[in-house]
Amino acid sequence: MKEITITSREAGQRLDKYLLRYLPSAGKGFLYKMMRKKNIVLNGRRAEGKELLREGDALRLFFSEETLNKFMGGENRDRELPALDPALVLYEDSQVLAVNKPAGMLSQKAAPGDLSLVEYVTGYLLKSGALKPEERQGFHPGIANRLDRNTSGLVLAGKTMGAAQALAELFRKRDMEKYYLCLVQGTLREKCRISGYLRKDEKRNQVTVTSFPGAGGVPIETAYEPLGWSGDCTLLKTELITGKSHQIRGHLAGIGHPLAGDPKYGDPKLNDRFRRQYGLKRQFLHAWQICFHRCPQTLENLSGKTLEAPLPEQLKKIIKNLNLQEALYE
């Protein structure tokens, strides 16, 4: 028999969600069967799975050690995780961690064997002592805003279940401003707010943006402000009014101003030039700032704050060589 005491970090989630994290190799149907048969009990009583866990709750699993080890993932759960480089940490309090994600790193796993930002953040919290090894099985830091693998910049993670849920709600309500920096083809001189309809091809992982509604299209809005231009490129401060997959990349390409270096939506000639001159092999897109308003009590330290992720050195070099550095920081 295994007895688990729920900590403040794990509290706030449904029992069935917790069990799926704690016993990742057990199916949902099996877990519900075990609750019905009282092989899994909460505070000494039969559970349904929809109960919200509270700090101090006692969960008992009446499994053999062999069965428990199998459903917990065996040796995989004990593998050492790489720790996030502390230099990438932009902000941290008891509830939230803000990270400057490098290009090339997944925000979350795409396949079981992947190492994503979630694993690096978990490793960082374990190394710092903010997360206890015994809590790792039932809790994973919740990434609030996912970036494409090859987009760099600001990502927030909840260090407790309550913080992860509060961040998710904050992003769902869009009760903040999110700004990106991107370098686009062509010259744009005026601030603008554009709208359209985005349709995603899941098989190709690619979007199409049109000015009219169509089958499967969802309305999107993007705002941009030119910070400076040089030759045939403009540096934009872009705000996501809605937040859809590939929105900035697809929307700007759709109006004839694709991002420099973008392999999916960009101009091949421009991309080739930036590859030769600067070694740029990904889209020039960086999640730069998040400006918070009044936040709920769990996230009260973020109220009124603006978090900013510095540009990677490669993108800084491009801006400097295009004489756009002053435009960025003026």
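Residues numbered from 1 in each chain as written. Predicted model: local features only at pLDDT ≥ 70, side-chain atom pairs only at ≥ 80, totals over all residues. Heavy atoms only, no water.

1. Here we look at the overall build of the protein
Okay, step 1: Scanning the protein from terminus to terminus reveals nine helices and 15 strands.
Okay, step 2: The dimensions of the protein, computed from C-alpha atoms along their principal axes, are 70 × 45 × 40 Å.
Okay, step 3: The contacts of the protein with a sequence gap of at least 6 include a subset with a gap of at least 24, amounting to 65%.
Okay, step 4: Split by element, the accessible area of the protein, about 16,700 Å² in all, is 45% carbon and sulfur.
Okay, step 5: Of the side chains in the protein, 52 bear a positive and 38 a negative charge, and the two mean positions are spaced by 5 Å. (Helix = DSSP H or I, 4+ residues; strand = E, 2+ residues; numbered from the N terminus. Contact = heavy atoms within 4.5 Å. Areas by Shrake-Rupley, 256 points an atom, 1.4 Å probe, with all protein chains shown as cover. Lys, Arg positive; Asp, Glu negative; His and termini not counted. Charge placed at Lys NZ, Arg CZ, Asp CG, Glu CD.)

2. Regarding the pattern of salt bridges
Once their charged atoms are close, side chains differing in charge can pair, the charge on each being opposite to the other.
Okay, step 1: Tallied over the entire structure, the rule returns 16 salt bridges.
Okay, step 2: Residue Arg273 is joined to Asp232 by a salt bridge in which the shortest nitrogen-to-oxygen separation is 3.1 Å. Linking Arg273 in helix 7 (residues 268-278) with Asp232 in the loop between strand 12 (218-230) and strand 13 (233-240), this pair joins segments that are 41 residues apart in sequence.
Okay, step 3: For Arg273, a relative accessible area of 24% translates into the label partly exposed.
Okay, step 4: You can call Asp232 partly exposed: its relative accessible area is 32%. (Salt bridge = Lys/Arg side-chain N within 4 Å of Asp/Glu carboxyl O. Buried < 20%, exposed > 50% of the residue type's maximum accessible area, 1.4 Å probe, protein only.)

3. Thoughts on a positive patch on the surface
Okay, step 1: Taken together, Lys33, Arg36, Lys37, Lys38 and Arg46 make up a surface patch of like positive charges.
Okay, step 2: Examined against the element boundaries, Lys33 turns out to sit in helix 2 (residues 28-36). (Patch = residues over 30% accessible without salt bridge, like charges linked within 9 Å, V, L, I, M, F, W, Y side chains within 5 Å.)

4. Focus: the packing of helix 1 (residues 15-22) against helix 2
Okay, step 1: Viewed as axis vectors pointing N to C, helix 1 and helix 2 meet at an angle of 120 degrees, and their least axial separation amounts to 10 Å. With respect to helix 2, the element helix 1 is oriented oblique. Of the two elements, helix 1 crosses helix 2, and the hand of that crossing is right-handed. Listed contacts from helix 2 to Leu15, Asp16, Leu19 and Leu20 of helix 1 are Lys28, Leu31, Tyr32 and Met35.
Okay, step 2: A class-by-class count of the residues in the contact of helix 1 with helix 2 yields six nonpolar, no polar and two charged. (Axes fitted to C-alpha atoms, helices over the stretch in contact; angles between N-to-C directions. Parallel < 35°, antiparallel > 145°, perpendicular 65-115°, else oblique. Left-handed = near helix turned anticlockwise from the far one by under 90°. Nonpolar A, V, L, I, M, F, W, Y, C, P; charged D, E, K, R; others polar.)

5. A short note on the nonpolar core
Okay, step 1: If you look at the biggest cluster of nonpolar residues, it comprises 30 residues, and the most contacted ones within it are Leu117, Val121, Cys182, Ile248 and Leu252.
Okay, step 2: Those elements that place two or more of their residues in this core are strand 6 (96-101), helix 4 (117-128), strand 8 (152-158), strand 9 (176-185), strand 13, helix 6 (247-254) and strand 14 (285-292).
Okay, step 3: With five residues, helix 4 is the largest single contributor of residues to this core.
Okay, step 4: Once residues lying within four places of it in the same chain are set aside, the contact partners of Leu117 are Leu84, Val99, Lys101, Met105, Leu106, Ser107, Ile143 and Val155.
Okay, step 5: In this structure, Ile4, Tyr22, Met34 and Leu68 belong to the second largest nonpolar core, which totals 22 residues. (Core = buried A, V, L, I, M, F, W, Y, C linked by side-chain atoms within 4.5 Å.)

6. Things to note about the environment of Pro258
Okay, step 1: The residue Pro258 is located in the loop between helix 6 and helix 7 in this model.
Okay, step 2: For Pro258, a relative accessible area of 9% corresponds to the buried category.
Okay, step 3: For Pro258 and Pro112, which are 146 residues apart along the polypeptide, the C-alpha to C-alpha distance reads 33 Å.
Okay, step 4: Excluding residues within four positions of it along the chain, Pro258 makes contact with Leu183, Val184, Gln185, Leu252, Ala253, Tyr265, Gly266 and Asp267.

7. Points about the confidence of the model for the protein
Okay, step 1: For the protein, the average pLDDT comes to 92, and 98% of its residues sit at 70 or higher.
Okay, step 2: Averaged over each element, pLDDT in the protein is lowest for helix 9 (residues 325-329) (75) and highest for strand 6 (98). (pLDDT = per-residue confidence, 0-100.)

8. Side note on the packing of aromatic side chains
Okay, step 1: Summed over all chains, the structure comprises five aromatic pairs.
Okay, step 2: Each ring, one from Tyr18 and one from Tyr22, has its centre 5.7 Å from the other, and the planes form 20 degrees; the classification is stacked. Pair noted here: Tyr18 and Tyr22 are both in helix 1, with a separation of four residues, about one helical turn.
Okay, step 3: Residue Tyr18 is classed as buried on the basis of its relative accessible area of 1%.
Okay, step 4: Aromatic pair Phe63 and Phe71: ring centres 6.4 Å apart, planes at 70 degrees, arrangement edge-to-face. Grouping residues by exposure puts Phe63 and Phe71 together as buried.
Okay, step 5: Aromatic ring contacts, followed pair by pair, group Phe30, Phe63 and Phe71 into a single cluster.
Okay, step 6: When the ring centre of Tyr179 is taken as origin, the NZ or CZ atom of Lys237, which lies over that ring, is 4.4 Å away. (Phe/Tyr/Trp six-rings, centres within 6.5 Å; stacked < 30°, edge-to-face > 60°. Lys NZ or Arg CZ within 6 Å of the ring centre and 35° of its normal.)

9. Comments concerning the side chain of Thr122
Okay, step 1: Within the secondary structure, Thr122 is located in helix 4.
Okay, step 2: Excluding residues that lie within four positions of it along the chain, Thr122 makes contacts with Leu81, Leu131, Arg136 and Pro141.

10. Comments concerning the sheet that holds strand 1 (residues 2-5)
Okay, step 1: Strand order in the open sheet formed by four strands is 1-4-2-3, and the pairing between neighbours is antiparallel. Looking at the sheet topology across the chains shown, the edges are occupied by strand 1 and strand 3 (45-46).
Okay, step 2: Bridge count between strand 2 (residues 40-42) and strand 3: two bridges; the pairing is antiparallel. Bridging from a neighbouring strand, Val41 pairs with Arg46 of strand 3.
Okay, step 3: Contacts between helix 1 and the sheet are confined to strand 1, strand 2 and strand 4 (58-61), with strand 4 contributing the most and set at about 50 degrees to the helix. (Pairing = 2+ DSSP bridges.)

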